[in-house]
Amino acid sequence: QVQLVESGGGLVQAGGSLRLSCTASGSIFSINDMGWYRQAPGKQRSLVATITSGGSTNYADSVKGRFTISRDNAKNTVYLQMNSLKPEDTAVYYCNADQVLVGAFYRWDIWGQGTQVTVSS
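Residues numbered from 1 in each chain as written. Predicted model: local features only at pLDDT ≥ 70, side-chain atom pairs only at ≥ 80, totals over all residues. Heavy atoms only, no water.

### A closer look at the overall build of the protein chain
Along the protein chain, the regular secondary structure elements total 0 helices and 12 strands. Going from N to C terminus, the protein chain has its helices and strands arranged as β-β-β-β-β-β-β-β-β-β-β-β. If one aligns the C-alpha atoms of the protein chain with their principal axes, the spans along those axes are about 50 × 25 × 20 Å. For the protein chain, with 121 residues in total, the buried portion stands at 43%. Expressed as a percentage of contacts within the protein chain between residues at least 6 apart in sequence, the contacts between residues at least 24 apart total 56%. Accessible area of the protein chain: about 6,300 Å², with a carbon and sulfur share of 47%. Averaging the coordinates of the 10 positive side-chain charges in the protein chain and doing the same for the 8 negative ones gives two points 3 Å apart. (Helix = DSSP H or I, 4+ residues; strand = E, 2+ residues; numbered from the N terminus. Buried < 20%, exposed > 50% of the residue type's maximum accessible area, 1.4 Å probe, protein only. Contact = heavy atoms within 4.5 Å. Areas by Shrake-Rupley, 256 points an atom, 1.4 Å probe, with all protein chains shown as cover. Lys, Arg positive; Asp, Glu negative; His and termini not counted. Charge placed at Lys NZ, Arg CZ, Asp CG, Glu CD.)

In structure tokens, the structure reads:
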């Protein structure tokens, strides 16, 4: 059983910053990709940023230069530092882990419960 638990969401004014954290728990040997996605009301869930176990990153164009994804492999934790936040960043942010080695088996496409980020204008 693998669980992802997010924290760090909240209410912030435009131009402010927040840092999201997501920790995977369970008998985990390794995690390949970890990432953050978001879903605004009435919209589909979309990619924010991903990071591989080797540290390669990928960002949505809308957050490049403002958000930074990082991870601590020893802690099975991924972070999202969000700066210069805009009202359009308001959404539920979900953590994702893919290709998680648990014992002798891989688990795929695991999601956290989501954390609300609200940016006021």
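### Focus on the environment of alanine 49
Here alanine 49 is to be found in strand S5 (residues 46-51). Judged by relative accessible area, which is 0%, alanine 49 ranks as buried. Along the backbone, alanine 49 and lysine 64 are 15 residues apart, and their C-alpha atoms lie at a distance of 9.1 Å. Not counting residues up to four positions away in its chain, the partners in contact with alanine 49 are Gly35, Trp36, Asn58, Tyr59, Ile69 and Leu80.

### Describing the side chain of aspartate 89
Among the secondary structure elements, aspartate 89 is positioned in the loop between strand S8 (77-82) and strand S9 (91-102). In this view, aspartate 89 contacts Arg38, Arg66, Phe67, Ser84, Val117 and Val119; residues no more than four positions away in its chain are not counted.

### Quick look at the sheet that holds strand S7 (residues 67-72)
If you walk across this open sheet you meet the 4 strands as S1-S3-S8-S7, and the pairing is antiparallel. What marks the edges here is a single partner per strand, and that holds for strand S1 (3-7) and S7. Averaged over neighbouring strand pairs, the angle between their axes works out to 15° when direction is ignored. In terms of strand pairing, S7 meets S8 through 6 bridges, oriented antiparallel. Looking at S8, one finds that serine 70 is bridged to tyrosine 79. (Pairing = 2+ DSSP bridges. Axes fitted to C-alpha atoms, helices over the stretch in contact; angles between N-to-C directions.)

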